[in-house]
Amino acid sequence: MVERIVDRAVEEDPEAVLIAGDFLYSNDPGNQEKIDTVLDLLAPITDAGIPSYAVLGNHDHIVGAAEELTTALESRGVTVLLNESAEVPLPDGNPAPPLHVVGLGPAYQGLADSEKAFSGIPASDARIVMMHNPDTFPTLPPDSAPLAVAGHTHCGQIAVPGTPDWSWLALTTDEPAVADGFAPKNYGAEGNQLYVTCGIGFSDIPVRIGAPPQIVFFELSNGTGQELPERVSRVG
């Protein structure tokens, strides 16, 4: 499945690839063996020279692999962002203004620091904000994230109509949650917009029902105040 997702990304030849974290999940097998697998799976993207950016997820920290995973990914050309930003390179001769990718740390580890992440970026510069946990989004300052993307939720993972108790969504009834697609207009500060992808992983059990794996493509344009178009590809 991951190979098909990666191949599709390479075929589309995007200006950038964003990966929202949780590369690893458990301590078995060892971290290094799993990191080697991650690098092998991502190799077609990095070999194609597509600028790639990532944030780490809560499980990457839980298994104690954050430092070595960051080093390994960056050795293969994937920029790992922890409350910092990077400028997306433009094609030669393109006069467009700078586009920044801003990456926030995972909220569950208390590592999200938006003030630090946005420091050094002119307020007028375009940016895409990436985070692992969607619940980081409401903490962002107004007009700081015209497009933010997140993962983590697996869109419920087991989301059978009529049986909400089996969905991840049922576990978040005590707090606002966005688990799939664009967030409601009133979620987050004014001028900010969030999209939550279903991603391609799982938690606890290797099953996804009603929440198929997903890769999302965004076509960016000059700000118009309108919701950005996206194409969603679901991988069976």
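Look a little higher up for the structure.
I will try to describe carefully the structure that is included in this document. This one's a predicted model, so the numbers in the text were calculated from it and none came from an experiment.

Analysis parameters
Every residue gets a number counted from 1 within its own chain, in the order that chain's sequence is written. A pLDDT threshold of at least 70 governs which residues receive local features in this predicted model, and a stricter bar of 80 or more applies before side-chain atom pairs are shown or counted, although totals over entire chains, interfaces and linings include all residues. As a convention, hydrogens and water are excluded, and side-chain values are obtained from all of the structure's heavy atoms. Secondary structure is summarised from DSSP: a helix means a run of H or I of at least four residues, a strand means a run of E of at least two, and numbering begins at the N terminus for each. We call a residue buried when its accessible area falls under 20% of the maximum for its residue type, exposed when it is over 50%, and partly exposed in between, using a 1.4 Å probe and counting protein chains only. Each direction from the helix axis to a C-beta atom contributes to the arc, which is the arc of those directions. Throughout, a residue-residue contact means that at least one pair of heavy atoms, one from each residue, lies within 4.5 Å. Only buried residues count toward a nonpolar core. Its members are Ala, Val, Leu, Ile, Met, Phe, Trp, Tyr and Cys residues joined through side-chain atoms within 4.5 Å.

## As for unusual backbone geometry
- One non-glycine residue, Asp 22, adopts positive backbone phi at about 65 degrees.
- In this structure, Asp 22 sits in the loop between strand 1 (17-19) and helix 2 (31-47).
- One non-glycine residue, Asn 83, lies in positive phi territory at about 55 degrees.
- Residue position: Asn 83 is located in the loop between strand 3 (78-80) and strand 4 (84-87).
- Take Asn 83: its relative accessible area is 7%, and that puts it in the buried class.

## Some points on helix 4 (residues 66-75)
- Buried within helix 4 are the following residues: Ala 66, Leu 69, Ala 72 and Leu 73. Down the axis of helix 4, the smallest arc covering the buried residues is 135 degrees, so these residues share one side. Counted as exposed and oriented over 90 degrees from the buried face of helix 4: Glu 67, Thr 71 and Ser 75.
- In this structure, the buried residues of helix 4 make contact with helix 2, helix 3 (58-62) and strand 3.
- One or two residues past the end of helix 4 sits Gly 77, with phi positive at roughly 95 degrees.

## Observations concerning the nonpolar core
- Membership of the largest hydrophobic core comes to 25 residues, with the highest contact counts inside it found for Phe 23, Leu 24, Leu 56, Leu 69 and Leu 73.
- In terms of residue count, helix 2 provides more of this core than any other element does, five residues in total.
- Formed by 16 residues, the second largest nonpolar core is a distinct cluster that contains Leu 104, Ala 150, Ala 183 and Leu 194.

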